[in-house]
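Observations on chain architecture
Below are the chains, spelled out letter by letter.
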Amino acid sequence: MKKVFFFILYLSFFSNVVLSQTTDEKVRTNFYKGYNYIYTDYDSATHYFLTALEIAQEAGDIETQMQILEYLIFTSGYHYQLERYFIYLNINRGLLNSANPDSLTTDLKIYRQNQLLNEGNYYYKIKEYEKSKLSFQKLYDDISNQKSDSLNRQSGETLLSTCNFLASIYKNTGKYELSDQYYKKAIMLIQNNPEIVKNEEVSIAATKLLIAQLYVEMGKFDQANNLFDEVISIYKNIYRDKKMFKNNLITAYDKTADNYLKQKKFQKALDYLQQSEKILIDKDPFYKKILMIYGDIYAELNQDKKALDFYKEALSKYIQYHDGKNHQDISLIHLKIAKYHLKRYETANGLESINEALKTITINSNNNNSLPNPGNVYSKRLYLELLEVRTRLLFSNYINNNDQKSLRQARETAEIIFETFDLLKKEFDNKVDKQYLVNHALPIFHAIIELGYSGYNNEKDNSYLDLAFTASEKSKDLILLDAIRQTRAIRYSQVPEKVINKESIYRQEILTLEKNLFEERSEKKISLINSQLNEVKLKYYDYLDSLRNHYPRYYDLKFNTSVINIEKVQKELLDEDSEMIYFVLTEDHIFRFTINKKAVDFDKTVLNKDFTQKVKELYSYLTSPSSEGLTSYETKLIEEISQLLLPEKINKDRLIIVRDGILNYIPFEVLKKNDYGILLNNHSVSYSNSATSLYTLKKTNLNKKDNKILAFAPSFKYEMDGFVPLIYNEEEIEKISQFFPTTLYTGNDADLPNFYSNVNNYQIIHFATHASANDIYPDYSYLAFSKNDSSENTLFIKDLYNMNLEVEMATLSACQTGIGKLEKGEGMISLSKGFYYAGVRSLVNSLWKINDRSTSKIMEYFYEELEDGKTKDLALRNAKLRYLDSTSDPALKHPYYWAAFVSSGNQKEITDKVPWYAYIFAATIFLIFLSYIAKKRFNQS
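Residues numbered from 1 in each chain as written. Predicted model: local features only at pLDDT ≥ 70, side-chain atom pairs only at ≥ 80, totals over all residues. Heavy atoms only, no water.

Going by the annotation in an unreviewed UniProt entry, the name recorded for the protein is CHAT domain-containing protein, with Mangrovivirga halotolerans given as the source organism.

Below, the structure is given as structure tokens:
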């Protein structure tokens, strides 16, 4: 990253310094000699700079010494001579502390700002990102707090570098959304203040190169390619005349090669590396990075020996570069070598390499063979990778050699993985970055589940069963659980209300701007909104940092990392009549826990490559009704999927299905169990995305409310709002009002303002309306309300993120309210998920576009069953059975008409009504008691 000169090479460098003419000339002469070698010869440059520095020291001139040290620091940074860089930093810090502001020709504040910049740069280069961030954040705040009209070229260029550094720090620590905000800030800073940079094109290119690297991390490879091409073209033109841009061009080549490597376009990656090698100088510090990329390419090409040779040479260069001291670069190469051995089943050599990696992941070497404390490592993300490979190597050694010690060590390593992941999770504040974390960690958790399965089945040790279940839970519902737990954190952490309100205000501002951005079409307005949004987001994330520091209990509660175990599932979530069927889908297998009150089964099935396609086929058939009913092929497909997913025996009437991945598309009631027909015939079914989120929903206490149901049935006109009228939606909510006290909003009254002002006064909310699932932008899936001139008529998922709904149940009697984009670990990002984020305890929603008339009938039966005291899952099952019994037309018995609705979350009864059999039981006991009293009196008489 380009260092910012806060002095543009002084033509009158020391003209204001009171020195003798002879001394001044000596300083000038040596300084300019050194300057000519900055980019080409480190030793010559530092020789002349140090000579000039010595002359200035003899003259006792502090300011001249600080100016020369600036160039010594920059030159050392350019050539990656980091040990000397640090020495010069410390000398300069001492001079700054002793300097008299009145004796300086330049404001001491400028020197201090540049010291912060250089300190941040140093810690960035050695990858101590937290220390680097502290320096840059302090510098950013210092310059940002200046008056806007005081942003001159000097401070503007420093602010630009600071934004780019902060963005890169957040990128390297996996906080991609924050990174993106600071990069955008840097671009806008240049575009709005072109006078602060020497060359606008070059400065924008530098930032675009960094953005391209961010896109690679985010998997946006095509966007990265376009930016790399643009930047390389600019740098190649400049490099012809200005060799000082060598590092910039090499970085662009190397990062482009790495991007093509990730796309498995190996020849292109090699071409760019060869371009990079052509402009290397003797002992170039970039050579070791090129060696590592060569190793990565040949490893992917299965040219393992060639890859290993490159890794070993790179390792030697990095050890020499870091003077044999521990560093995460060295740890990373040991990891790559360990992966080489893992691939070849050379477990002993692999473990030797991974142990070397673990020794170098902390500042001080760990020689006692224990695993490092996750809080002390250079990078928790890299540490997770090391631990994953160690687990795989140990597990491989157990499988191949039946080595029990390796199995135990693998389990111990997995426990440290959980600890590391939990610490890392607390560092992520926003939903986007949390999802990237889950994507990164998911293969690691899958490896632990495989380990747990083998340990449990081979050794009959229940600790491995618990290990596998914990890994499964850690991989699920991370974002939803944080949202649910935030309400608890606010309630019990004793954070002042004004502090929580300020966080809510920031979130509301961001929500409003993001919605405006989504709907805006004017390029000029989009640019303006983007600028405003970036500013608010940066302030919001800074505010969250301050909350973390000032209210640690709030943060601990908000980001509680505990997950439920099997014993607690049996005790808290299941009764004698219920069973949980819990799925985890890995790349190659379906893992299934079948848990009831007294027993647990843990199974593994090979996942055929066409499984996903078959589930999609099934979904297509279910959503496309035929007058002939299900065809023989469709029936056979259901039977095939049923055999794969369902356990041999289902012993309980009530089933809780914890789905994963593509299974979110399946309504399990249509699956068949042996000769008993579809599950609907004998079982009620409810759903959850994890056991921990279900437990959390069940334990959430809501305030008692007298009002039961708030129901909405909007009216639509296609020519006005693009929705066709729903003929039966008003009839639907009128029918459910027979069973509970209901406030009805129909026609034009069924609008968003009435929803917002009334929603928290009711126990249940019911929507009989249109909905739309947006697979590309899932946060903009929505429910439709009546359109009034004065208000919006769409409730987006994004709106729900910023709401706090104290509601027992939401019924989304609308199309596709349970369908959306599938996210790893999180399941379906749908409207139903949005309501859970907002605080609703249970949901009834739909998996596809549904028939208006059959919906009305099922909903009527459903609420009647609820009114009779049934649990939600049983009420929905009975409603579906009653619908099928009431329908004589075989075509209308097709699953399309009844199977779309699913119930999830807390299935507790809505009403306190006591069932009829309880009255009979009580009456019987009472009669027995009376009989006993009468008999006793008779005997006494």
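Side note on the overall build of the protein
Rules: Secondary structure elements are defined from DSSP: runs of H or I of at least 4 residues count as helices, runs of E of at least 2 residues count as strands, and each element is numbered from the N terminus. Per-residue accessibility, obtained with a 1.4 Å probe over protein chains only, is compared with the maximum for each type, and a residue is labelled buried under 20%, exposed over 50%, and partly exposed between these values. Residue exposure ignores everything except the shown protein chains as possible cover, and the areas themselves are Shrake-Rupley values with a 1.4 Å probe.
Helix and strand content of the protein: 36 helices and 16 strands. Each of the 941 residues in the protein was classed as buried or not, and the buried ones make up 58%. Carbon and sulfur atoms make up 48% of the accessible area of the protein, which amounts to about 41500 Å² in all.

Looking at the nonpolar core
The cut-off we apply is this: Nine residue types can take part in a nonpolar core, namely buried Ala, Val, Leu, Ile, Met, Phe, Trp, Tyr and Cys, and a core is a set of them joined through side-chain atoms within 4.5 Å. Working rule for contacts: check all heavy atoms of both residues, and any pair within 4.5 Å makes them a contact.
Ranked by size, the top nonpolar core spans 92 residues in total, and within it Tyr-140, Tyr-182, Tyr-235, Leu-249, Leu-273, Ile-297 and Ile-333 carry the most contacts. Those residues in contact with Ile-297, other than ones at most four positions away along the chain, are Leu-261, Phe-266, Ala-269, Leu-270 and Leu-273. With 63 residues, the next largest nonpolar core counts Leu-646, Ile-678, Leu-679 and Ile-764 among its residues.

Some points on unusual backbone geometry
In this structure, Lys-264 is a non-glycine residue whose phi angle is positive, near 60 degrees. With respect to the helices and strands, Lys-264 occurs in the loop between α11 (246–262) and α12 (266–278). Given the relative accessible area of 52%, Lys-264 is considered exposed.

Overview of the sheet that holds strand β11 (residues 794–796)
The condition that has to hold: Whether two strands pair depends on DSSP finding at least two bridges between them. Lines are fitted to the C-alpha atoms to define the axes, a helix being fitted only along its stretch in contact, and any angle between axes, read from their N-to-C directions, falls within 0 to 180 degrees.
Pairing is antiparallel across the open sheet formed by 3 strands, whose spatial order is β9-β10-β11. Every other strand in the sheet has two partners, leaving β9 (771–772) and β11 as the edge strands with one partner each. Both strand β10 (residues 782–784) and β11 contribute to a ladder of 3 bridges, which runs antiparallel. Bridging from a neighbouring strand, Leu-783 pairs with Leu-795 of β11. Packed on one face of the sheet, helix α33 (residues 831–838) meets β9, β10 and β11 and runs near 95 degrees to β10.

Observations regarding helix α9 (residues 200–217)
Because each turn of an α-helix spans 3.6 residues, side chains separated by three or four positions in sequence point in the same direction. For the record, the criterion: In this scheme, a helix's expected span is set at 1.5 Å multiplied by one less than its residue total.
The first and last C-alpha atoms of α9 sit 26 Å apart over 18 residues, in line with the 26 Å expected at 1.5 Å per residue. Among the 18 residues in α9, 13 count as buried, and that is most of the element. Following α9 by one or two positions, Gly-219 adopts a phi angle in the positive range, close to 80 degrees.

What to know about the pairing of strand β2 (residues 589–596)
With 8 of its 8 residues buried, β2 lies for the most part within the structure. Residue alternation in β2 divides its side chains into two sets, His-589, Phe-591, Phe-593 and Ile-595 and Ile-590, Arg-592, Thr-594 and Asn-596, and both sets are buried. As paired strands, strand β1 (residues 578–585) and β2 are joined by 7 bridges and run antiparallel to one another. What sits directly across from Tyr-582, in β2, is Phe-593. Counting the residues that bridge the hairpin from β1 to β2 gives 3 residues.

Here's the deal with the packing of helix α5 (residues 108–125) against helix α6 (residues 129–144)
The axes of two packed helices give the description: the angle between them and the distance between them. Applicable threshold: Each angle is binned into one of four classes, with values under 35 degrees roughly parallel, values over 145 roughly antiparallel, values of 65 to 115 roughly perpendicular, and all other values oblique. By convention the crossing between two helices is left-handed if the near helix lies anticlockwise of the far one by an angle smaller than a right angle, and right-handed if it lies clockwise. Any residue that is not Ala, Val, Leu, Ile, Met, Phe, Trp, Tyr, Cys, Pro, Asp, Glu, Lys or Arg is counted as polar, Gly included; the first ten are nonpolar and the last four charged.
α6 packs onto α5 with a crossing angle of 155 degrees between their chain directions and a minimal axis gap of 7 Å. The orientation of α5 with respect to α6, classified from their angle, is roughly antiparallel. Relative to α6, the crossing made by α5 is left-handed. Residue-level inspection shows Lys-109, Gln-113, Leu-116, Leu-117, Glu-119, Gly-120, Asn-121, Tyr-123 and Tyr-124 of α5 in contact with α6, the latter providing Tyr-129, Lys-131, Ser-132, Ser-135, Phe-136, Lys-138, Leu-139, Asp-142 and Ile-143. Among the residues making up the contact of α5 with α6, the classes are represented as 8 nonpolar, 5 polar and 5 charged.

Quick word on the packing of aromatic side chains
The cut-off we apply is this: We call Phe, Tyr and Trp rings a pair once their centres come within 6.5 Å, taking the six-membered ring for Trp, and we label the pair stacked below 30 degrees between planes, edge-to-face above 60, and tilted otherwise.
Here the structure, examined in full by the defined rule, presents 54 aromatic pairs. Aromatic side chains Tyr-235 and Phe-245 sit 6.2 Å apart centroid to centroid with 35 degrees between the ring planes, which places their arrangement in the tilted category. One end of the pair, Tyr-235, is in helix α10 (residues 221–239); the other, Phe-245, is in the loop between α10 and α11, and 10 residues separate them in sequence. Note on Tyr-235: relative accessible area 1%, which makes it buried.

With respect to the pattern of salt bridges
Two side chains that carry opposite charge are able to pair once their charged atoms sit near each other. What counts is decided by this rule: Just to be clear on terms, a salt bridge is a Lys or Arg side-chain nitrogen sitting within 4 Å of an Asp or Glu carboxyl oxygen.
Using the criterion set out here, one finds 39 salt bridges in the structure. Lys-339 serves as the salt-bridge partner of Glu-385, at 3.4 Å between the closest nitrogen and oxygen. Of the two residues, Glu-385 is situated in helix α17 (residues 380–401) and Lys-339 in helix α15 (residues 328–343); the sequence distance between them amounts to 46 residues. With a relative accessible area of 24%, Glu-385 lands in the partly exposed category. Residue class for Lys-339 comes out partly exposed when judged on its relative accessible area of 38%. Ionic pairing is found between Lys-857 and Glu-860, a salt bridge with its closest N-O pair at 4.0 Å. Of this pair, Lys-857 and Glu-860 are both found in helix α34 (residues 852–867), 3 residues apart, which corresponds to roughly one turn of the helix. Classification of Lys-857 by relative accessible area gives partly exposed; the value is 31%. Glu-860 sits in the buried class, given a relative accessible area of 13%.

So, the environment of Gly-94
Tracing the sequence through the fold places Gly-94 in helix α4 (residues 82–98). Taking the relative accessible area as the measure of exposure, Gly-94 reaches 37% and is therefore partly exposed.

So, the packing of α17 against helix α18 (residues 404–425)
Interaxial distance between α17 and α18 falls to 8 Å at its minimum, and their mutual angle equals 160 degrees. Considering their axes alone, α17 and α18 lie roughly antiparallel with respect to each other. Considering the relative orientation of α17 and α18, their crossing is left-handed. Looking at the contact of α17 with α18 residue by residue, the classes come out as 14 nonpolar, 7 polar and 4 charged.

Let's talk about α4
If you check α4, its first and last C-alpha atoms are 25 Å apart, about what 17 residues at 1.5 Å a residue would give, namely 24 Å. Close packing links the buried residues of α4 with α2 (42–59), α3 (62–78), α5 and α14 (304–321).

What to know about the pairing of strand β4 (residues 654–658)
Buried residues dominate β4, accounting for 5 of its 5 residues. With burial as the criterion, each face of β4 is covered, one bearing Arg-654, Ile-656 and Val-658 and the other bearing Leu-655 and Ile-657. Here 5 bridges tie β4 to strand β5 (residues 684–688), and the two strands are oriented parallel to one another. Bridge pairing in β5 links Val-658 to Ser-688.

Let's talk about the environment of Lys-476
Definition in use: Residues adjacent in sequence count toward polar contacts only when both atoms are side-chain atoms; beyond that, a polar contact is any pair of N or O atoms within 3.5 Å, and within protein one must be able to donate a hydrogen and the other to accept it.
Along the chain, Lys-476 turns up in the loop between α20 (462–474) and α21 (478–492). Taking relative accessible area as the criterion, Lys-476 reaches 2% and is therefore assigned buried. Considered as a pair, Lys-476 and Asn-689 are 213 residues apart in the sequence and their alpha carbons are 6.9 Å apart. Within the structure, Lys-476 has its side chain in polar contact with the backbone oxygen of Phe-583 (distance 3.2 Å). Within the local environment of Lys-476, its side chain forms a polar contact with the backbone oxygen of Arg-659, the two atoms lying 3.2 Å apart.

Notes on the confidence of the model for the protein
As a general rule, the predicted coordinates of low-pLDDT regions are not to be interpreted in detail. So the rule is basically this: For every residue, the pLDDT score states the predictor's confidence, bounded by 0 at the bottom and 100 at the top.
For the protein, per-residue confidence averages 85 on the pLDDT scale, and residues scoring 70 or more make up 88% of the total. Here residues 1–19 is a poorly scored stretch, pLDDT under 50, and it has 60 contacts once near neighbours within four places are set aside; other chains count.

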